[in-house]
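Listed here are the chains, written in short residue letters.
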Amino acid sequence: MTLLHAKRPGLTDRNTLRAEARRSVSDGAVTVAYGADREAVIAMLQNALATELTCALRYRQHHFVAKSPVSPAIKNEFLEHANEEQQHADQIAERIVQLGGAPDFNPASFAARSDAEYVSGTELRQMLIENLVAERIAVQAYTEMIHAIGESDPTTRRLLESILAKEEEHADELSDLLPRE
Ligand SMILES: [Fe+2]
Ligand SMILES: [Fe+2]
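Residues numbered from 1 in each chain as written. Chains lettered and ligands numbered in written order. Predicted model: local features only at pLDDT ≥ 70, side-chain atom pairs only at ≥ 80, totals over all residues. Heavy atoms only, no water.

A look at the coordination of the iron ion (ligand 2)
Part 1: Looking at the iron ion (ligand 2), one finds its protein donor set to be E85 (OE), E135 (OE), E135 (OE), E167 (OE) and H170 (ND1), positioned 2.0 to 2.3 Å from the metal centre.
Part 2: Read from N- to C-terminus, the donor residues coordinating the iron ion (ligand 2) fall into the pattern E-x49-E-x31-E-x2-H.
Part 3: Between the iron ion (ligand 2) and the iron ion (ligand 1), a spacing of 4.0 Å is present, and a bridge between the two is formed by E85. With E85 in helix α3 (residues 72–98) and E167 in helix α6 (residues 154–177), this pair connects stretches of sequence that are 82 residues apart. Pair check on accessibility: E85 and E167 agree, each one buried. (Donors = N, O, S within 2.8 Å, 3.2 Å for Na, K, Ca; no water. Helix = DSSP H or I, 4+ residues; strand = E, 2+ residues; numbered from the N terminus. Buried < 20%, exposed > 50% of the residue type's maximum accessible area, 1.4 Å probe, protein only.)

Some remarks on the coordination of the iron ion (ligand 1)
Part 1: In this structure, E52 (OE), E52 (OE), E85 (OE), H88 (ND1) and E167 (OE) serve as the protein donors to the iron ion (ligand 1), at separations of 1.9 to 2.4 Å.
Part 2: All donors to the iron ion (ligand 1) come from one chain, and their sequence spacing reads E-x32-E-x2-H-x78-E.

Some remarks on the side chain of H88
Part 1: Along the chain, H88 turns up in helix α3.
Part 2: Ignoring sequence-local partners within four residues, the contact set of H88 consists of E52, I163, K166 and E167. (Contact = heavy atoms within 4.5 Å.)

Some words on α3
Part 1: Its 27 residues place the ends of α3 39 Å apart at the C-alpha level, agreeing with the 39 Å of an ideal helix rising 1.5 Å per residue.
Part 2: Note on α3: the residue one or two positions beyond its end, G100, has a positive phi of about 95°. (Expected span 1.5 Å × (residues − 1).)

Description of α6
Part 1: Across its 24 residues, α6 extends 35 Å between first and last C-alpha, which sits within 8% of the 34 Å expected from 1.5 Å per residue.
Part 2: Of all the positions in α6, only T156, L159, L160, I163, L164, E167, H170, A171 and L174 are classed as buried.
Part 3: Those residues of α6 hidden inside the fold are in contact with α2 (38–65), α3 and α5 (124–149).

Re the UniProt feature "binding site: Fe cation" (unreviewed entry) in the protein chain
Part 1: Taking the UniProt record as the reference, the feature "binding site: Fe cation" (unreviewed entry) is found at E52, H88, E135, E167 and H170. The largest pairwise C-alpha distance within this set of annotated residues, which runs over 119 residues, is 13.1 Å, so the set is compact in three dimensions.
Part 2: Exposure remark for H88: the relative accessible area of 5% places this residue in the buried category.
Part 3: Within the secondary structure, E135 is located in helix α5.
Part 4: When neighbours within four sequence positions are excluded, E135 is seen to be in contact with Y59, H81, E85, E167, H170, A171 and L174. (UniProt positions renumbered as here; feature names shortened; annotations may be inferred.)

Encoded structure:
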């Protein structure tokens, strides 16, 4: 009994908590405790989504144009990265929906909203460099987004941190594959 009536120091009292949860049911996962500027976070995630989609397409194109007999490992690596960038795009889209937004997959505009560039593949070294540059852009962009979010939205922050770790892994793999001049 004592526990049931325990005070909640530093926290919203139980009656208010229940009333607030019931008041804005249409807000879904977003409550009054959400600490970030929701519109700003959604806008930031839309740009990240555009970047991931651009990277997924660039890697996929590079996978197909890379000559398999010369470099099967690199050709496969491009496909693996393409699929992982698409997975990041899906995770970001899911978070945009949780925050009450609609993910923007419009192909007419996402290239212009992407931090990384879409560059068609020609020869292997050029493809490796273009992808490494794009990964380095992603690493810097995600690091800055994580700093901007700080403690205001822990779920978005954890998502961005997990994506950042994967982008760093991608950059490292490309760096290892790049022939030294
Ligand atoms: Fe990614
Ligand atoms: Fe990546």
